[in-house]
Amino acid sequence: QVQLVESGGGSVQAGGSLRLSCAASEYTYCSYDMSWYRQAPGKEREFVSAMYSDGSTNYADSVKGRFTISQDSAKNTVYLQMNSLKPEDTAVYYCKQSETGGRYCFRDYWGQGTQVTVSS
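Conventions and cut-offs
Residues numbered from 1 in each chain as written. Predicted model: local features only at pLDDT ≥ 70, side-chain atom pairs only at ≥ 80, totals over all residues. Heavy atoms only, no water. Patch = residues over 30% accessible without salt bridge, like charges linked within 9 Å, V, L, I, M, F, W, Y side chains within 5 Å. Areas by Shrake-Rupley, 256 points an atom, 1.4 Å probe, with all protein chains shown as cover. Salt bridge = Lys/Arg side-chain N within 4 Å of Asp/Glu carboxyl O. Helix = DSSP H or I, 4+ residues; strand = E, 2+ residues; numbered from the N terminus. Buried < 20%, exposed > 50% of the residue type's maximum accessible area, 1.4 Å probe, protein only. Disulfide = S-S within 2.5 Å. Core = buried A, V, L, I, M, F, W, Y, C linked by side-chain atoms within 4.5 Å. Contact = heavy atoms within 4.5 Å.

(A) Spatial organisation of a nonpolar patch on the surface. A contiguous nonpolar patch, built from Tyr29, Tyr104 and Phe106 and spanning about 430 Å² of accessible area, is present on the exposed surface. Within the element layout of this structure, Tyr104 appears in the loop between β9 (91–100) and β10 (108–110). Overall, the relative accessible area of 52% leaves Tyr104 in the exposed class.

Put into structure tokens, the structure is as follows:
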């Protein structure tokens with residue numbers, strides 16, 4: 001089973017920065033879309049950012065201009081650089097790997113989540 005290992009969470013003051021990492025443990029014949037979601041206490045999980053298999057990216061309006069998704073193909077790792085953090089960014093952040101590009105490429109894999117806390 002695919003395993004995603006996340007790291008880089010922590011506690012920072014408003015205006016600070018963090019970089020989250022998500023390392024995938026295996027490859028398959030499928031192509032992959034990589035994305036980040038977050039979930040604050042008492043709220044539903046929400047989309048943050050994605051990098052698709054063709055290299056294109058997408059961001060939630062709430063993080064545009066502050067967050068950047070990138071990847072290191074050699075390390076099979078996806079990053080989320082978070083700058084100008086706000087208290088409302090406080091949440092557990094989850095990495096997701098979505099299979100695409102083939103008949104049997106339909107599975108989603110989630111990381112364990114990493115806590116990001118932004119104080120005011």
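Let's pick the thread back up.
(B) Structural context of the state of the cysteines. Enumeration over the complete set of coordinates arrives at 2 disulfides. One disulfide in the model links Cys22 with Cys95; its S-S distance is 2.0 Å. On the sign convention where negative means left-handed, the S-S torsion of about -80 degrees between Cys22 and Cys95 marks this disulfide as left-handed. Remark: Cys95 occurs in strand β9 and Cys22 occurs in strand β3 (residues 18–24); sequence separation between them is 73 residues. The same class applies to Cys22 and to Cys95, which are both buried. With a sulfur-sulfur separation of 2.2 Å, Cys30 is cross-linked through a disulfide to Cys105.

(C) Focus on the nonpolar core. The biggest cluster of nonpolar side chains holds 30 residues, and the ones touching the most others in it are Trp36, Phe67, Leu80, Met82 and Tyr93. Those elements that place two or more of their residues in this core are β3, β4 (31–39), β5 (46–51), β7 (67–72), β8 (77–82), β9 and β11 (114–119). No other element matches the 4 residues that β3 contributes to this core.

(D) Highlighting the environment of Gln3. Within the secondary structure, Gln3 is located in the segment before β1 (4–7). Sequence separation between Gln3 and Arg103 is 100 residues; the distance between their C-alpha atoms is 22 Å. Sequence-distant contacts of Gln3, defined by excluding residues within four places in its chain, comprise Ala23, Ala24 and Ser25.

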